Amino acid sequence: QKKVWQEIQRDLCGERVMSRLVQGDVGSGKTIIALLALVLAGINGYQGAMMAPTEVLAKQHFTSITELFEKYNIPLKVELLTGSMTVKEKRESYERIASGEANIIVGTHALIQNKVEYKNLALVVTDEQHRFGVKQREKLAEKGQKPHILVMSATPIPRTLALILYGDLDISIIDELPPGRQKIDTYAVRRNMEERVNNFIKKEITSGRQAYIVCPLVEESENFDAKSVTEMYDYYKNVFKEYNVAILHGKMKPKEKDEIMANFKEGKIHVLISTTVIEVGVDVPNASIMVIENAERFGLAQLHQLRGRVGRGKYKSYCILKYEGNSDIIKQRMEIMQKSSDGFVISEKDLELRGPGEFFGTKQHGIPEFKVANLITDIKILKKAQEVANNLLQEDPLFLKEENREIKNKIDKLFSAKIQL
């Protein structure tokens, strides 16, 4: 954390505009680093904005920042801006932002709407990089006079790959967990252990804890035997009938999702049956069990992300991976999860076992699908190509030289829909 904070401070006080990606494992303390950067901007008379992918997360950030500022007497005004605020609330918020009364603005996509005018935006922090497109980052950046950009991600991507995917960003990595974080015990089990697992969950709930149960699909589909969320919900409602069981999935309205997450956070819900929508961010220190149904259907990096939703409080936590299938690759993957709790090691292994297309769910992230190159085995030549490209851009940024004309035409042809040259 200290090392990364020094890198950020150096950027913020330097000559160039910062574009930095901070990668840190689940729970490594990225948020506090972002907050220090926002405070530095605020204390120097500028505004800082923090954009979160969901309202629940934006509110969580807003509350924790406000509490910290009160505790340490930090004289900065924090503003929350989200889509669900009333017209009147939004108008008042816009006024405080435009006048500069609001020093730090936390919100969702609402931060980049045309109506929002900042007085002097100098720093933009975006949380969970892959939830925002480059376009949205740019739109927020355009709101200031070339503000510094800080991007946070809890999805550990092997460093070499990150250099290529985020070639436009400097990369900082927080590769240690804060002291006092407990190891989450991970068990890979078969269907025949179902009853034991359920009894274990009951035991934990009885002692005051809460549990997540994650499934890969929203509703039953013909071609999949994976357990769907709605089907699982019906099943578990019956198993845990003396407790409060709720369901959460991506097809629900945002307001509904926020409400369920808030109730779970407050302890009103004992067992939450969910799809991977809970992968990002909300902190429930009281949740100590993460059960993942059909674990063989998830990537390792995703399993690791989901596991990181528990173990956030002072209670011993557990992750139970229920899997089916006998292939060597499934067994290998379950073994890696049981042995390692290091997100970077896990993502390297995941990449090796599944290949880049699978690893990123090809369409997602705008990852290039190469015809010839392989992102893993050809990393050296890819880095070389990146180096050459950077040198070329420094020497001839507008491709005006005769010898670069052909490259410019090729880029125009291939990417004109995606980038403006």
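In what follows, the structure referred to is the one given above.
Remember, it's a predicted structure, so these values are computed and weren't measured experimentally.

Draft legend 1. Structural detail: the pattern of salt bridges. Scanning the model with the defined rule gives 17 salt bridges in all. Of the charged contacts in the structure, one is a salt bridge between E387 and K384, with a shortest N-O distance of 3.7 Å. Within this pair, E387 and its partner K384 are both found in helix α13 (residues 379-395), separated by three residues, close to a single helical turn. Judged by relative accessible area, which is 48%, K384 ranks as partly exposed. Taken together, the shared-partner salt bridges connect R191, E194, E293, K322 and E324 into one network.

Draft legend 2. Summary view of the packing of aromatic side chains. Summed over all chains, the structure comprises four aromatic pairs. Aromatic pair F200 and Y318: ring centres 4.9 Å apart, planes at 85°, arrangement edge-to-face. Separated by 118 residues along the polypeptide, F200 in helix α7 (residues 194-206) and Y318 in strand β13 (residues 318-322) bring together distant segments of the chain. By relative accessible area, which is 22% here, F200 ends up partly exposed. Taking the relative accessible area as the measure of exposure, Y318 reaches 16% and is therefore buried.

Draft legend 3. How the structure looks around the packing of helix α2 (residues 30-43) against helix α3 (residues 55-71). Running from N to C, α2 and α3 cross one another at 60°; their axes reach a closest spacing of 12 Å. Judged on the interaxial angle alone, α3 and α2 are oblique. As α2 packs across α3, the resulting crossing turns out to be right-handed. Within the contact between the two elements, α2 uses T31, I32, L35 and V39 and α3 uses H61, I65, L68 and F69.

Draft legend 4. Region of the structure containing the sheet that holds strand β10 (residues 245-248). Sheet architecture is open: six strands sit in the order β8-β13-β12-β9-β11-β10, paired in parallel fashion. Edge positions in the open sheet fall to β8 (185-189) and β10, since each of these has one partner strand only. With strand direction ignored, the average angle separating the axes of adjacent strands in the sheet is 15°. Relative to strand β11 (residues 271-274), β10 runs parallel, the two sharing four bridges. Looking at the pairing, L248 lines up with S274 of β11. Where helix α8 (residues 229-239) meets the sheet, its contacts fall on β9 (210-214), β10, β11 and β13, and the angle it forms with β10 comes to roughly 175°. Helix α11 (residues 328-339) rests against β8 and β13 of the sheet, and its axis sits at about 160° to β8.

Draft legend 5. Examining the sheet that holds strand β1 (residues 19-24) more closely. One open sheet holds the seven strands; their spatial order is β3-β4-β2-β5-β6-β1-β7, and the pairing between them is parallel. Strands at the two margins of the open sheet, each flanked by one partner only, are β3 (78-81) and β7 (170-174). Across the sheet, the axes of successive neighbouring strands diverge by a mean angle of 20°, strand direction being ignored. Here five bridges tie strand β5 (residues 121-127) to strand β6 (residues 148-153), and the two strands are oriented parallel to one another. Each bridged residue has a counterpart across the sheet, and for D127 the counterpart in β6 is M152.

Scoring rules and cut-offs
- Residues numbered from 1 in each chain as written.
- Predicted model: local features only at pLDDT ≥ 70, side-chain atom pairs only at ≥ 80, totals over all residues.
- Heavy atoms only, no water.
- Salt bridge = Lys/Arg side-chain N within 4 Å of Asp/Glu carboxyl O.
- Helix = DSSP H or I, 4+ residues; strand = E, 2+ residues; numbered from the N terminus.
- Buried < 20%, exposed > 50% of the residue type's maximum accessible area, 1.4 Å probe, protein only.
- Phe/Tyr/Trp six-rings, centres within 6.5 Å; stacked < 30°, edge-to-face > 60°.
- Axes fitted to C-alpha atoms, helices over the stretch in contact; angles between N-to-C directions.
- Parallel < 35°, antiparallel > 145°, perpendicular 65-115°, else oblique.
- Left-handed = near helix turned anticlockwise from the far one by under 90°.
- Contact = heavy atoms within 4.5 Å.
- Pairing = 2+ DSSP bridges.

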